[in-house]
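# Residue-level structure breakdown
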Amino acid sequence: MNAVSSTQSAVQSGSRWTIADAMKIRTDDPTTTMPVIDYAFPVIDSDVWQWDTWLLRDIHGKTVTFKGWYVMFALVADRAATGDTTEGWHSRNNYSYIGYYYSRTGNGADWKFGGRVIKEGANSRSWEWSGCAVMRENSANTVDLFYTSVNDTPSESVPSYTTGRILADATGVWFEGFDVCTDMFQADGVNYANIVEDEYWDFRDPHIFRNPDDNQIYALFEGNVPGMRGDFTIGSDEMGLVPPATTVPAGAQYGAAAIGIARLTSDATKGDFSEWEMLPALVTALGVNDQTERPHVVFQDGLTYLFTISHHSTFTGNSTGPDGVYGFVSRNGIFGPYAPLNGSGLVLGNPSSAPYETYSHFVDPAGYVQSFIDTLPQPGSADPQDPTTYRIGGTLAPTVKIVLEGERTYLTEVHAYGQVYAQGVWPTSSAFDKRS
Ligand code: FRU
């Protein structure tokens, strides 16, 4: 990893999450560890499994209420379809669609499930996976929904978008449109691995934002380093500043995660998000980890914070870390160079006593972090991963707050289950003024 230095010019070649960085990961550090969740946690809606979740926001990243309603989108699967069982939960990706919820208060306890967002049949592929929902600038109620269109056979994973309108009255929130889905871009095999290079390739989770430095619209996404799977040479750049006599660990070369970025070249004001310029990855984790999922960005105090979620099971070689959210910080804007937050990259991980209790953490611009409950060990259980005693989540975890202070982050507050906060309201008066 390059050191963060304002004297270095913007680097186009990307930054590295190195083996030496990952050596600094410490599980159970109280400043970077999720609280242990109560086994008796509440469930928002027991008809559906809920996992990856994102809030309605503007293009700058601010969470917004719409006509006084908090609105969240999530990957959901009907429990009646999967089976309301451990096996059903673990098969949810094969039933996944984007659902929405609304609440007057943002209190976790009063979310109401509103149903499906994208019209049935509009997504031409098998499943809808993660993305983001953005209020169109200068529009009273247009929402651009970015998501991953995933196909079973042949195996495909394509960042895509669809547009609709949000409506609300005193009783609730509903949507119109979302009946035409369009591909954004595909893994090109040059900047990002495609399926020919890597049968386990990841290419998904578009996160759209307007970059404050150049006012352009970009998409972040999960990708892999281009090249044939396992064929990478792990050299001193990937090793980083390791202790003497450290050798390349066996299997490290199977870690090839990349935080991807593309620049919009079509006209967003016309709702056209179909043309993008693929750019080299912002951060690569060659030799360290094979997955950096749901990348997203927070701009604060002139610094650019890049967050991504990753799994214990996708670390490679001798590197290891908990399921949780990892992050990197740049002093020179979105293109870096980036340094790993807290020296290691770990921002919030699961406690070792409940190693899979939460996942898919999303950090909002005020530092509130949402995640879902995955599997929660029975208190006192000898084996936290025993499927006969753990409790399946499929609902939101307690929201926590982190403070971002330069290159460090601190867990400082624990809030209610599924609690959300907004930093803005919609429609803004300017959106109404410019409405055509
Ligand atoms: C993260 C994730 C995303 C993907 C979705 C599929 O939890 O793996 O990368 O879009 O879940 O369920």
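These numbers come from a predicted model, not from an experiment. Each chain carries its own residue numbering, running from 1 in the direction its sequence is written. Where local features are concerned, this predicted model is filtered to residues with pLDDT of at least 70; where side-chain atom pairs are given and counted, the filter is 80 or more; whole-chain, interface and lining totals use all residues. Heavy atoms throughout the structure, all of them, feed into the side-chain values; hydrogens and water do not.

## Looking at the site of the ligand
What counts, and what does not: The criterion for a residue being near a molecule or strand is simple. One of its heavy atoms has to lie within 4 Å of it. Side-chain atoms alone can form a polar contact between residues adjacent in sequence; in general such a contact is a pair of N or O atoms within 3.5 Å, and within protein one must be able to donate a hydrogen while the other accepts it. Only the protein chains shown count as covering a residue, and every accessible area follows the Shrake-Rupley method with a 1.4 Å probe. Per the convention used, a helix needs a DSSP run of H or I reaching at least four residues, while a strand needs a run of E reaching at least two, with both numbered from the N terminus.
For the ligand, the set of nearby residues contains 13 residues, the closest of which are Trp 51, Asn 93, Arg 204, Asp 205 and Glu 293. Asp 205 places a polar side-chain atom, nitrogen or oxygen, 2.6 Å from an oxygen atom of the ligand. Surface burial for the ligand is 92%, taken as the share of its 320 Å² of free accessible area covered by protein chains. Secondary-structure elements contributing two or more residues to the shell around the ligand are β2 (48-55), β7 (127-135), β11 (204-210) and β20 (358-363).

## As for the UniProt feature "active site" (unreviewed entry) in the chain
Filter applied, for reference: UniProt positions are given in the numbering used here, feature names are shortened, and annotations may be inferred rather than shown by experiment.
Under the present numbering, the feature "active site" (unreviewed entry) in UniProt falls on Asp 52 and Glu 293. A stretch of 242 residues holds the annotated residues, and the largest C-alpha distance among them is 10.7 Å, short enough that they meet in one place. Here Asp 52 is to be found in strand β2. By the secondary structure assignment, Glu 293 is in strand β15 (residues 293-300).

## A word on the pattern of salt bridges
In plain terms, the rule: The working definition used for a salt bridge is a side-chain nitrogen of Lys or Arg within 4 Å of a carboxyl oxygen of Asp or Glu. Exposure is judged per residue with a 1.4 Å probe applied to protein chains only, and the accessible area is read against the type maximum: over 50% gives exposed, under 20% gives buried, and values in between give partly exposed.
Going through the model one piece at a time under the given rule, you end up with 18 salt bridges. Note that Arg 79 and Asp 84 form a salt bridge whose closest N and O atoms lie 3.2 Å from each other. The exposure class assigned to Asp 84 is exposed, which follows from its relative accessible area of 51%. Glu 222 serves as the salt-bridge partner of Arg 204, at 3.1 Å between the closest nitrogen and oxygen. Here Arg 204 is found in strand β11, whereas its partner Glu 222 is found in strand β12 (residues 217-224), with 18 residues between them in sequence. The exposure classification of Arg 204 matches that of Glu 222, with both residues buried. Sharing partners across several salt bridges, the network here consists of Asp 202, Arg 204, Glu 222 and Glu 293.

## Side note on the sheet that holds strand β14 (residues 276-284)
Definition in use: At least two bridges found by DSSP between two strands is the condition for calling them paired.
Strand order in this open sheet of five strands is β1-β14-β13-β12-β11, and the pairing throughout is mixed. The open sheet is flanked by β1 (15-16) and β11, the only strands paired with a single partner. Bridge count for β11 against β12 is five bridges, and the pairing is antiparallel. Of the residues in β12, the one forming a bridge with Ile 208 is Ala 219.

## Concerning unusual backbone geometry
Geometrically, the link from Thr 153 to Pro 154 is a cis peptide bond, its omega value of -5° lying close to zero. Along the chain, the position of Pro 154 falls in the loop between β8 (142-151) and β9 (156-169). Of note in this structure, Asp 301 is not a glycine but carries a positive phi near 55°. If you trace the backbone, Asp 301 turns up in the loop between β15 and β16 (303-310).

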